[in-house]
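Residues per chain, in single letters:
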Amino acid sequence: MIKAEWFYWLVGAVFLAMAAQMAVDRSNPKRLGSAAFWGLLGGCFFYSSWVVEKKAPAEPLGVAVLAMVCLGGFQLTGRGVPRTTTTEQRVATAARLGSKLFVPALTIPLVAVVCASAVKHWHIGGEPVLEEGSETILGLGFGAIVGLLVAMVVVRERRPSVPLHAGRSLLESMGWALLLPQLLAVLGSIFQVAGVGTQVGKITEQLLPDGQKYIAVAVYCVGMALFTIIMGNAFAAFPVMTAAIGWPVLIQQMHGDPPVVLAVGMLAGFCGTLVTPMAANFNLVPAALLELKDQYGPIKAQIPTAGALLVCNIAIISLFAF
Amino acid sequence: MIVLLGVLVVILGFATRRNPLLVVGVAGIATGLLAKLSPQEILAAFGDGFASSRSVTIFVITLPVIGLLERNGLQEQARTLIGRLGKLTTGRFLALYLALRQLTAALGLTSIGGPAQSVRPMVAPMAEGAAERRHGPLPERVRERVRSYSASADTVGLFFGEDCFLAIGSILLITGFVNTTYHTHLEPLQLALWAIPTAVCAFLIHGFRLLRLDRSLDHELAALGGRSAAEGSRTAEEAK
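Remember, it's a predicted structure, so these values are computed and weren't measured experimentally.

J.: Would you take a moment to explain the interface of chain A and chain B for this structure?
T.: Quoted interface sizes are often the accessible area lost when the parts come together. On the chain B side, the residues contacting the 133 residues of chain A number 103 residues. For the pairing of chain A and chain B, the buried interface totals around 10700 Å² over both sides, and the portion due to carbon and sulfur atoms is 80%. The interface formed by chain A and chain B contains three salt bridges. Salt-bridge contacts for Arg54 of chain B lead to Glu5 of chain A; the nearest nitrogen and oxygen are separated by 3.0 Å. If you look at where chain A meets chain B, you find 16 residue pairs in polar contact (both at pLDDT 80 or more). A per-class count over the side of chain A that touches chain B returns 97 nonpolar, 27 polar and nine charged.

Here it is, written out as structure tokens:
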């Protein structure tokens, strides 16, 4: 069986290799801080395997995460001058290779889809080939490897250091924002342990007038969106708001249809994800990848849609749940 | 009550535009201390949370492929290709991508797109290429807008497509949380069906806004075109 952990090690190894390149890149004014940040991240990908299996204590990993928070948070990371081709060279190779250039890029999703749909059902000696529940992750990993091989053939590149350098420039342009999604997952679990959801429930129960169905629906949806904006993740907001009003008020007290209330409630949270910089992987990382000067550009493009959709979600629950 | 101060830390940090990494780190530590966790328990919470959320960072594995292809002119080729499709304006192209992204996500194919895999190397250059064909070189501000809308088409399509699919994280989170907490029995299929009305609204609203982008680009660039030609060409130089 091919395990998801193996791919996490591969990702860790890529981070470590890129950190080594950064450490000797004199064009980066903060090369040591950068190398430390990405090197730690790579190391954590390996150490996490033992934490997940409960074979190693999680505390050292926590220390490393806080060290990365400080390196990224106090602007100790930077980026070097990318070693790359000029626009003229790119136009020339694009003209020579034509649309063959798309083949490796499209190989990645194609392999991922094949793994998640077909290979998922393959068995060898009674064991599934891919670890159950991790087919999509493994598919993306295989897709990236196959895509890289195809790309090296298409562009006739023999040196593996070239794609590694190219990928590192992309990584440096994203910077510390890459760590934020994982850190938010941590915050969500700490909020859970601390009982933030129960507290919000007590407050809303006191404030909400009895029997006001549509106000309660609006409070649930807007609350999902607001909590998502704060936490950066609808998954973290959902248990908080559902324990606070979704279940006790809308479903038990007012007899709302659970699938409508809960499914649409989650989607109301997604409206919040569209407009918050805390959802770094959806909003800040694309801005960094697209080299936008205004890192809130994607959020600005999404605000009107998010607002209109929040109203739609409130209407859908009001119309169909009761 | 006092644990809500952790939420306040996030809001304040956010409002004063501190570095998000520091805000989240401080809020986590503060909430843990207010909930009377020991320092060891807080460190363990950070470690466990990191270890179980590694899958969100795994897309990094695609960066070397994309980087290598970009060195060899992937973005330039994307522009050339869109240049041949005369009728495809920026807005129409992005609306088409939105539809594709929603449909494939609804079939469970969520990793088919994404900012690193598709938006940067292909979607954004194509959207820019379509705008350039119509208006010539784009000023920096307009270029940023087109890129932002490209990212938005991908994100909106993913969010409001994936929930129509049964085996997606958010659907499983809902059934998992509700079934264990409230001892009830919800089927993923019921939830996925009720994600469809919002998905339709999302396509109509965002699709309409993408199509309107064409008109607003026309207006904006016509207004800029009123300036002197020398200034216009200088802006185009700067835009590179």
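J.: What is the right way to look at the UniProt feature "transmembrane region" (unreviewed entry) in chain B in this model?
T.: Residue and element names in this part refer to chain B. What UniProt calls "transmembrane region" (unreviewed entry) maps, in this numbering, to residues 42-69, 155-179 and 191-211. Between the end C-alpha atoms of residues 42-69 there is a gap of 43 Å, over a span that is 64% helix and 0% strand. Secondary structure content for residues 191-211 is 90% helix and 0% strand, while the C-alpha to C-alpha distance between its ends is 31 Å.

J.: Looking at this structure, I do not really get the pattern of salt bridges. What am I missing?
T.: Two side chains with opposite charge may pair up if their charged atoms get near one another. Using the criterion set out here, one finds 16 salt bridges over all chains in the structure. Salt-bridge contacts for Arg120 of chain B lead to Glu291 of chain A; the nearest nitrogen and oxygen are separated by 3.1 Å. Residue Arg120 of chain B is located in helix H7 (residues 115-135), and its partner Glu291 of chain A is located in the loop between helix H13 (280-289) and helix H14 (297-320); the two belong to separate chains. Taken together, the shared-partner salt bridges in this structure form one network comprising Glu128, Glu132, Arg143 and Arg147 of chain B.

J.: Is there a simple way to explain a nonpolar patch on the surface in this structure?
T.: Residues and elements named next belong to chain B. Taken together, Leu189, Leu193, Ile196, Val200, Phe203 and Leu204 make up a surface patch of nonpolar side chains, about 540 Å² in accessible area. Contributions of two or more residues to the nonpolar patch are made by helix H10 (188-193) and helix H11 (196-225). Residue contributions to the nonpolar patch peak at four residues, all from H11. Tracing the sequence through the fold places Leu189 in helix H10.

J.: Even after reading the chapter, I still don't get the confidence of the model for chain A, so can you show me in this structure?
T.: As a note on interpretation, predicted positions should not be read in detail where pLDDT is low. In this model, chain A carries an average pLDDT of 88, and 99% of its residues clear a pLDDT of 70 or more. Of all secondary-structure elements in chain A, the lowest mean pLDDT belongs to helix H9 (residues 196-207) of chain A, at 76, while H14 of chain A reaches the highest, 95.

Basis of the calculations
- Each chain carries its own residue numbering, running from 1 in the direction its sequence is written.
- To label them, take the chains in the order written and letter them from A, then take the ligands in the order written and number them from 1.
- Reporting in this predicted model follows two pLDDT cut-offs: at least 70 for local features of residues, and 80 or more for side-chain atom pairs to be given and counted; totals over whole chains, interfaces and linings ignore these cut-offs and use all residues.
- Excluding hydrogens and water, the side-chain figures rest on all heavy atoms present in the structure.
- Contact between two residues is taken to exist if any of their heavy atoms lie within 4.5 Å; hydrogens are not considered.
- Once two parts are put together, the accessible area they lose, assessed with a 1.4 Å probe and summed over both, is termed the buried area.
- Here, a salt bridge means any Lys or Arg side-chain nitrogen found within 4 Å of an Asp or Glu carboxyl oxygen.
- Any N or O atom pair separated by 3.5 Å or less is treated as a polar contact, with the protein-specific requirement of one donor-capable and one acceptor-capable atom, and with residues adjacent in sequence counted only for side-chain atom pairs.
- Residues are grouped as follows: Ala, Val, Leu, Ile, Met, Phe, Trp, Tyr, Cys and Pro are nonpolar; Asp, Glu, Lys and Arg are charged; all remaining types, including Gly, are polar.
- UniProt positions are given in the numbering used here, feature names are shortened, and annotations may be inferred rather than shown by experiment.
- Under the DSSP-based scheme used, a helix requires at least four consecutive residues in state H or I and a strand at least two consecutive residues in state E, with every element numbered from the N terminus.
- Like charges are joined within 9 Å and nonpolar side chains (Val, Leu, Ile, Met, Phe, Trp, Tyr) within 5 Å, but only among residues with over 30% relative accessible area and no salt bridge; these make up the patches.
- Using a 1.4 Å probe, accessible areas were evaluated by the Shrake-Rupley method; residue-level cover was limited to the displayed protein chains.
- What pLDDT expresses is the predictor's confidence in each residue, scored from 0 to 100.

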